[in-house]
Each structure stands twice: as structure tokens, then as C-alpha cells.
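Close look at the chain arrangement
Here are the chains, one letter per residue:
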Amino acid sequence: MATYLVCFVLLFSFVNSLKYDPTWESLDARPLPGWYDDAKLGIFIHWGVFSVPAFSSEWFWWQWKGQPMPAVLDYMQKNYRPDFTYADFAAMFTTEFFVPEEWAEMFQDSGAKYIVLTSKHHEGYTNWPSKYSFNWNSNSTGPNRDLVGELAAAVRAKTQMKFGLYHSLFEWFNPRYLDDKDSGFKKQDFVRTKTMPELYELVNAYKPEVIWSDGDWEAADAYWNSTNFLAWLYNESPVKDTVVTNDRWGSGCSCKHGGFYTCSDRYNPGKLQKHKWENAMTIDKGSSKTVYFYCQLRR
């Protein structure tokens, strides 16, 4: 027994001493933490300024001003004054009925083993007081609360679930992102000053054990600096031994690189897969994400 114990300790020490290089070959070799094998059901919460109009989906702003949809245009014309802006919705995002302890207990009772909360969707509004989002965050405009921090604390105090965060790499109408895009993504001002600082801030402040990245598809992973972030996440971050990540880290990465594969929303390959994956099945047929049922298969 002593021999087995020594071998186990040595093996554990060896695995945890591995260092990962900022290359996909190295990062993809990292085994998923053991807790993920036992967590078959997760709940994904989409929550942000788009919850105020509560019409169409979380893509409301884009469907109003980016690629306008007739139904959304009609909704705004009938219900809001002509000079109303999307930013005006933020003051109405009061979250007065949000009791994080009740949410946590309800999720635990559902049988879910972990949750993923939207920290920031493509609208750019952060559900935590990010110093990189100025007044476009939940502590400065709207509820005057740290929604991420409150739910994280409740989940950890009231349940045995793991706490995770969704984060969008890009923002539809951020001028710095649009300027980088106009340069053919030769500039990285948005990544350097906004999206990557946010990710480091989230990990250090809230220690999420799931990082669910999104909004990556317009640019390659080199623009997003994804591999350098993941190498830090796996080697040095406060969750380096327990965090799991998905596969949306740059155009062409989905279903090829990362921790577990999402491939596409509502992904259902219909046959056994050789890599861990999830079926991002939604409750609302019009939304890209509402609740996730995580389907995992061993290699």
C-alpha cells in the first residue's frame, strides 16, 4: 500500500509540474481536470442589458442596429421614443429581484454540477465592476452591484457546484475593436487594452473553474493572443489545476483546439466522439444560449 501511495504522490507531482507552452500542440495535451468527468449537467445563464427589452434574444442590439430585423425595428418603434439608444436600457437593468442565494440553491436542486454566468456578452456590458469597462458595467450603470461576485460567493457558500464564466472576446460596436477590424486585424489595440485585461481580471478576482470563451470567429487566435492567455491560465493562474476551457479562441479553433469542444450551439454529432464535447441545448429556440446540457464522452 505504501508503495502505491508513493507512486501516486510522485505521479500527481509530475502532472502538476508540467508546463504548457503557448502553442496548440502543447495546450491541447493538457488533460481535463478530474471534476469535469463527473459533472454531466451544467446550467448556462445569459443575463445582461438585453434582458431589459426581453425581446428576440441576447443579440437584440445587433438585430436593431447591426443587421436590423423587421420585428425588432417594429418593437422599438412601438415601445420607445425615436431618440432612444441601447445605452438607455442599462439604467433599467435594476436586477431588484436578484437574490443570488436563491439562485444557487435552485441550481443545486436541479442536479446541475456547475453553472456558467455571462460576465460579458457581445454588447460589451460587464456584469462585474471591471476597471476596463468604465461606466458600461453593472456597478456603475444599472443595478450598482457586482453580479458576478455575488453569484460566485453564493454558489461557493451554499452549494457544491463549480462556478464558471462566459466571456465574449469581441464587442459589436466598440470603436477600438472596429478600428482593429478595419486594419485587417494588424492592430491589436482592443485586445491589448480591453478583452485580455478583462480575462485576467476575471480569473484573478473570481477564480472561475470554467472559462467559456465566445465571439472569436472574425479573427485568428494570434490576434486574440489566445495561446498566451491559456498558457498563463494553465501554468500560473489561481485556477491552473482545476479550470476547464472551451474551444472558441479564434477563427478555425472551434472543434479543433481547447479543453472541451462546443463546435456549434446545439451540437449533436449523432455518433461517439474521441474528444470531450458538449451539447449546448437551449430552452428558448430563438436564443443561441440559455441552458446547457453538458454531454461528455471519454477518449
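Residues numbered from 1 in each chain as written. Predicted model: local features only at pLDDT ≥ 70, side-chain atom pairs only at ≥ 80, totals over all residues. Heavy atoms only, no water.

1. A closer look at the pattern of salt bridges
Between side chains of opposite charge, a pair can form when the charged atoms approach closely. Considering all chains together, one arrives at 15 salt bridges under this definition. Where K120 meets E171, a salt bridge forms, and the shortest distance between an N and an O atom there is 2.8 Å. Placement of the pair is K120 in strand β2 (residues 114-120) and E171 in the loop between β3 (162-168) and α8 (175-182), with a sequence separation of 51 residues. A salt bridge links E209 to K162; the nearest nitrogen and oxygen atoms lie 3.7 Å apart. Pair noted here: E209 is in the loop between α9 (189-206) and β4 (210-214) and K162 is in strand β3, with a separation of 47 residues, a long-range link. Accessibility expressed as a relative area gives 24% for K162, which makes it partly exposed. (Salt bridge = Lys/Arg side-chain N within 4 Å of Asp/Glu carboxyl O. Helix = DSSP H or I, 4+ residues; strand = E, 2+ residues; numbered from the N terminus. Buried < 20%, exposed > 50% of the residue type's maximum accessible area, 1.4 Å probe, protein only.)

2. Structural notes on a negative patch on the surface
Together, E101, E102, E105 and D109 line one region of the surface with negative charge. For E101, the position within the fold is in helix α6 (residues 100-110). (Patch = residues over 30% accessible without salt bridge, like charges linked within 9 Å, V, L, I, M, F, W, Y side chains within 5 Å. Areas by Shrake-Rupley, 256 points an atom, 1.4 Å probe, with all protein chains shown as cover. Lys, Arg positive; Asp, Glu negative; His and termini not counted. Charge placed at Lys NZ, Arg CZ, Asp CG, Glu CD.)

3. Brief notes about the environment of P269
By the secondary structure assignment, P269 is in the segment after β5 (244-245). Using a relative accessible area of 23% as the deciding quantity, one classes P269 as partly exposed. For the pair P269 and N279, spaced 10 residues apart in sequence, the C-alpha to C-alpha distance is 9.0 Å.

4. Describing the pairing of β2
Counting buried residues in β2 gives 7 out of 7 residues, a clear majority hidden from the surface. Two elements, strand β1 (residues 42-45) and β2, share 4 bridges in a ladder whose sense is parallel. Bridge assignment links I43 to a residue of β2, and that residue is I115. In the sheet, β2 pairs with β3 via 6 bridges, with the strands oriented parallel. The residue of β3 that forms the bridge with V116 is G164. In this region the chain leaves β2, passes through helix α7 (residues 147-158) and returns to the parallel neighbour β3; the handedness of that crossover is right-handed. (Pairing = 2+ DSSP bridges. Right-handed = clockwise from strand over helix to strand, strands pointing away.)

5. Re α9
With 18 residues, α9 extends 25 Å between its outermost C-alpha atoms, agreeing within 8% with the 26 Å of an ideal straight helix rising 1.5 Å per residue. Inspection of α9 places F190, V191, K194, T195, M196, P197, E198, L199, E201, L202, V203 and Y206 among the buried residues, and these make up the whole buried set. Note on α9: the residue one or two positions beyond its end, K207, has a positive phi of about 50°. (Expected span 1.5 Å × (residues − 1).)

6. Side note on the environment of H46
Within the secondary structure, H46 sits in the loop between β1 and α4 (60-66). Residues H46 and L117, 71 residues apart in the sequence, show an inter-C-alpha distance of 6.6 Å. Separated by 2.9 Å, the side chains of H46 and T118 make a polar contact. (Polar contact = N/O pair within 3.5 Å; in protein donor to acceptor, adjacent residues only side chain to side chain.)

7. Here's the deal with the side chain of S213
Along the chain, the position of S213 falls in strand β4. What makes S213 buried here is its relative accessible area of 2%. A distance of 2.7 Å separates a polar atom in the side chain of S213 from the backbone oxygen of R248. Residue contacts for S213: discarding those within four places in its chain leaves H167, L169, N246, R248 and W249. (Contact = heavy atoms within 4.5 Å.)

8. A look at the pairing of β3
Counting buried positions along β3 gives 6 out of 7 residues, so the element sits mostly inside the fold. Of the pairings in the sheet, the one linking β3 to β4 comprises 5 bridges and is parallel in character. Each bridged residue has a counterpart across the sheet, and for S168 the counterpart in β4 is D214.

9. Thoughts on the sheet that holds β2
The strand order across the open sheet formed by 5 strands is β1-β2-β3-β4-β5, and the pairing between neighbours is parallel. Since the sheet does not close on itself, it has two edges, and those belong to β1 and β5, each with one partner. Those strands touched by α9 are β2, β3 and β4, and its axis lies near 170° from that of β3. (Axes fitted to C-alpha atoms, helices over the stretch in contact; angles between N-to-C directions.)

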